[in-house]
Amino acid sequence: MPNEGKAAIFDLDGTLLDSMGVWDAMDARFFRERGIRCPDDFSTAVAAMQFREIAEYAKKRFDLPDTAEELMAIWNRMAAYEYAHTVVPKPHALSYVRHLHETGARLAIATTLPASLREPALEHAGLKPYFHIQCSAGDDNGKGKEHADIYLLAATRLGVRPESCTVFEDILPGIRSARSVGMNAWAMYDASSDKDWTSIGQIATGTLRDFSDAPNIL
């Protein structure tokens, strides 16, 4: 079992799931319905934030009358169908996750997605049976991925030392924080992080555009 004693910690949006386009379309619709032009930097600005942080940020930045709870409920309703029915895994993601599971690796999800979206997405994509634990919004003391807390929490729950963990992420803050605590960090390309791709490549253990190129031994 070549991956015995090792762990893989996966982000969902933009890494395992080809889903960032869903959020871009939702953002455009949400702001359009309020007569606000969706800023070009919005998705980048909120990429590493927890769900509540995004709601509070949007409320403050655009002086929205909604409470953070109301904004989260609106976005959850908009996204629920897409995650349960249309979002698909990135190329070869399912076969790669299955390979790691079968070769002894411990597997975790580390995502800012709430359970109401995460669970249907994992079920729809066929990924859920392979993961031992899931860490999500609120589990890491409410900190975003610019902090390593969520990756360290996943390692602790899996019972694997940080230096034996490999994180798969698509955003620069996540790659940077995972590396800061001694974890390997492979970067999956996603169009939403295109402007950071050069910087990501300088920090990451390696870069991917397809899970068929991911390391078979962690």
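Right, let's walk through the structure included here. Keep in mind that this is a model prediction, so the values were computed, not measured.

### Overview of the packing of aromatic side chains
Inference 1: Inspection of the entire model under this criterion finds 17 aromatic pairs.
Inference 2: Centroid distance Phe42 to Phe62: 6.1 Å. Interplanar angle 55°. Geometry classified as tilted. Taken as a pair, Phe42 in helix α2 (residues 42-46) and Phe62 in helix α3 (residues 51-62) lie far apart in primary sequence, 20 residues in all.
Inference 3: Residue Phe42 is classed as buried on the basis of its relative accessible area of 2%.
Inference 4: Among the residues examined, Phe62 registers a relative accessible area of 16% and is labelled buried.
Inference 5: An aromatic cluster is built from Trp23, Phe30, Phe31, Phe42, Phe51, Tyr57, Phe62, Trp75 and Tyr83, whose rings are joined through pairwise contacts.
Inference 6: Sitting over the face of the ring of Tyr189, Arg209 holds its NZ or CZ atom 4.1 Å from the ring centroid.

### A short note on empty space enclosed by the protein
Inference 1: Tallying each qualifying case throughout the model produces one cavity of 30 Å³ or more.
Inference 2: In this structure, the largest cavity spans a volume of roughly 370 Å³.
Inference 3: Along its surface, the largest cavity is lined by 21 residues, and Asp13, Met20, Trp23, Val46 and Ile54 are the ones closest to its centre.
Inference 4: Looking at the lining of the largest cavity, the elements that each hand over two or more residues are α1 (20-33), α2 and α3.
Inference 5: Per element, the largest residue contribution to the lining of the largest cavity is four residues, and it comes from α1.

### Focus on the pattern of salt bridges
Inference 1: Within this structure, the stated rule accounts for 13 salt bridges.
Inference 2: Between Arg37 and Asp40 there is a salt bridge whose closest N-O contact spans 3.3 Å.
Inference 3: Overall, Asp40 belongs to the exposed group, its relative accessible area being 66%.
Inference 4: Between Arg161 and Glu163 there is a salt bridge, and its shortest N-O distance comes to 3.7 Å.
Inference 5: Residues participating in the shared-partner salt-bridge network are Arg118, Glu119, Glu123 and Lys128.

### A closer look at the sheet that holds strand β4 (residues 106-110)
Pairing between the strands of a sheet is mediated by backbone hydrogen bonds and can be parallel or antiparallel.
Inference 1: Taken in spatial order, the six strands of this open sheet run β5-β4-β1-β6-β7-β8, and their pairing is parallel. Two strands lie at the open edges of the sheet, namely β5 (133-135) and β8 (206-208), each paired on one side alone. Put simply, the sheet's adjacent strands are angled 25° from each other on average, direction ignored.
Inference 2: When strand β1 (residues 7-10) meets strand β6 (residues 165-169), the two strands line up parallel, connected through four bridges. Bridge pairing in β6 links Ile9 to Val167.
Inference 3: Against the sheet, helix α5 (residues 93-102) touches β1, β4 and β6, its axis set at about 150° to β1.
Inference 4: Packed on one face of the sheet, helix α7 (residues 149-158) meets β1, β4, β5 and β6 and runs near 160° to β5.

### Quick look at the packing of α3 against helix α4 (residues 68-85)
Inference 1: For the pair α3 and α4, interaxial distance at closest approach is 9 Å and the crossing angle is 115°. By the angle between their directions, the pair α3 and α4 is classed as roughly perpendicular. The element α3 and its partner α4 pack so that their crossing is right-handed. When α3 is examined against α4, the residues Phe51, Arg52, Ile54, Ala55, Glu56, Ala58 and Lys59 are found in contact with a partner set consisting of Ala68, Glu69, Leu71, Met72, Trp75 and Asn76.

### Some points on α4
Inference 1: The terminal C-alpha atoms of α4, which comprises 18 residues, lie 26 Å apart, in line with the 26 Å expected from a rise of 1.5 Å per residue.
Inference 2: Ala79 marks the point of greatest bend in α4, at about 35°.
Inference 3: Within α4 the residues assigned to the buried category are Ala68, Leu71, Met72, Ile74, Trp75, Asn76, Met78, Ala79 and Tyr83.
Inference 4: Looking at the packing, one finds that the buried side of α4 touches β2 (17-18), α1, α3 and α6 (115-125).

### Notes on unusual backbone geometry
Phi is mostly negative for residues that are not glycine, and the peptide bonds are mostly trans.
Inference 1: Its identity as a non-glycine residue notwithstanding, Asp63 has a phi of 50°, on the positive side.
Inference 2: Looking at where Asp63 falls in the secondary structure, it is placed in the loop between α3 and α4.
Inference 3: Although it is not a glycine, His92 sits at a positive phi angle of roughly 65°.
Inference 4: Tracing the backbone through its elements, the reader meets His92 in the loop between β3 (88-89) and α5.

Cut-offs applied
- Residues numbered from 1 in each chain as written.
- Predicted model: local features only at pLDDT ≥ 70, side-chain atom pairs only at ≥ 80, totals over all residues.
- Heavy atoms only, no water.
- Phe/Tyr/Trp six-rings, centres within 6.5 Å; stacked < 30°, edge-to-face > 60°.
- Helix = DSSP H or I, 4+ residues; strand = E, 2+ residues; numbered from the N terminus.
- Buried < 20%, exposed > 50% of the residue type's maximum accessible area, 1.4 Å probe, protein only.
- Lys NZ or Arg CZ within 6 Å of the ring centre and 35° of its normal.
- 1 Å grid on protein atoms, 1.4 Å probe; cavity = no way out; pocket = protein on both sides within 12 Å on 5 of 7 lines; lining within 4 Å.
- Points joined across faces, edges and corners; volume = space filled by probe spheres on them.
- Salt bridge = Lys/Arg side-chain N within 4 Å of Asp/Glu carboxyl O.
- Pairing = 2+ DSSP bridges.
- Axes fitted to C-alpha atoms, helices over the stretch in contact; angles between N-to-C directions.
- Contact = heavy atoms within 4.5 Å.
- Parallel < 35°, antiparallel > 145°, perpendicular 65-115°, else oblique.
- Left-handed = near helix turned anticlockwise from the far one by under 90°.
- Expected span 1.5 Å × (residues − 1).
- Bend = angle between axes of the 7 residues up to and from the residue.

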